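This is what each chain is made of:
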Amino acid sequence: MALRQVCSMLFFNIICSQRRVLKDFLPFSAFLMDSFGRRHNYLRMSLTEKCNLRCQYCMPQEGVTLTPRSQLLTAEELLMLARLFLREGVNKIRLTGGEPLIRPDVLPIIAELRKLEGLKTIAITTNGMNLTRLLPSLKKTGVDLLNISLDTLVPAKFEFIARRKGFHKVMEGIEKAIEMGYNPVKVNCVVMRGLNEDELIDFVSLTERKPLDVRFIEYMPFDGNRWNFKMMVSYQEMLDCIKQKWPNLEPVPGEEMDTAKAFRVPGFQGQLGFITSMSDNFCGSCNRLRITADGNLKVCLFGNSEVSLRDFLRSGATEEELLHIIGAAVGRKKKQHAGMFNISQMKNRPMILIGG
């Protein structure tokens, strides 16, 4: 009897292993492949439109009109959509906002996501304000990667950019993440001329003794952020500035789908990168899709075309019908965005209502 049980267990394990191998080699879902052959295996899901900061590049000065709660995706709807995308080939989900960590049920949502088959990576982009308090639970529920927004190392300037106090809370969150073993901890810095371009060297210096991946992001146009080309500091300008201090800066090899051009100062523990959406776009290797907090699918961050998955869900659409709706939207994805000057004239959501 014992021998029969052992044989049954071995047979079961072999079958499961074969299924995992087969899944790796099966053709990628046609529903998540666009007309240019790009495979979308990375889904960004916004948990909320609310935020406890008011960053200038993200939220209009006058604020935004929030979607009524009844029109936001419930936890059950989020998980149903996540399950559907995972079944078709998505293997990484990033939770965004607004500020995702102010959603009351964020931890139960992560715990349920962790149970879903096919999900390799759960990431969170956060402003860091609530991070120190929640980090032990986030680690326990299975968050793999952290991106923390920090645009200045000067407390008074932080308050000016974010229109709120909180610099020391964010720094405490970064230190706590390092202490808890996140390596690297990614720090996102939107660089704006006249505000923080003078801090590039200070940010890179942080990577000398800490396992940080500081990512400098070109200032991008969204509704209400009063984008001005003169405020945008290009990747090349930032790189030239940093090389004046560290001429031996060396590129770090990356994956084809990476959004950041990565570099390292020899001998430094961490690294830096540039997200060059405006001056040198990476649309050709884009593998990302977005679902907004109110349930709209955006196939391009800078596109103004959206499809309400929420409405189809609530009208009783089957999974197969949803897949055809998703596939049609992905199939219409353009080869690349319209360019920074055209984007600045196009109607789009404020960044806070898309998902940072």
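Residues numbered from 1 in each chain as written. Predicted model: local features only at pLDDT ≥ 70, side-chain atom pairs only at ≥ 80, totals over all residues. Heavy atoms only, no water.

What follows deals with the sheet that holds strand 3 (residues 121-126). The 12 strands lie next to each other as 7-8-9-6-5-4-3-2-1-10-11-12, forming an open sheet whose pairing is mixed. Bordering the open sheet on either side are strand 7 (250-251) and strand 12 (307-308), each of which pairs with just one other strand. Relative to strand 12, strand 11 (residues 296-298) runs antiparallel, the two being bridged by two bridges. Its bridge partner lying in strand 12, Leu297 is registered against Val307. With respect to the sheet, helix 8 (residues 235-245) is in contact with strand 5 (185-191), strand 6 (212-218), strand 8 (260-264) and strand 9 (271-275), its orientation differing from that of strand 9 by roughly 155°. (Pairing = 2+ DSSP bridges. Helix = DSSP H or I, 4+ residues; strand = E, 2+ residues; numbered from the N terminus. Contact = heavy atoms within 4.5 Å. Axes fitted to C-alpha atoms, helices over the stretch in contact; angles between N-to-C directions.)

For the rest of this paragraph, the subject is the environment of Pro253. Position of Pro253 relative to the elements: it lies in the loop between strand 7 and strand 8. The exposed category is assigned to Pro253, whose relative accessible area is 78%. Remark: the alpha-carbon pair of Pro253 and Phe263, spanning 10 residues in sequence, is separated by 8.5 Å. (Buried < 20%, exposed > 50% of the residue type's maximum accessible area, 1.4 Å probe, protein only.)

So, about the packing of aromatic side chains. A complete count under the given rule lists six aromatic pairs for this structure. With 6.2 Å between their ring centres and 90° between their planes, Phe203 and Phe216 make a pair best called edge-to-face. One end of the pair, Phe203, is in helix 7 (residues 200-206); the other, Phe216, is in strand 6, and 13 residues separate them in sequence. The same class applies to Phe203 as to Phe216, namely buried. An aromatic cluster is built from Phe203, Phe216, Tyr235, Phe263 and Phe274, whose rings are joined through pairwise contacts. The side chain of Lys92 reaches across the aromatic face of Tyr42, ending 4.4 Å from its centre. Sitting above the plane of the Trp246 ring, Lys245 keeps its charged end 5.8 Å from the centroid. (Phe/Tyr/Trp six-rings, centres within 6.5 Å; stacked < 30°, edge-to-face > 60°. Lys NZ or Arg CZ within 6 Å of the ring centre and 35° of its normal.)

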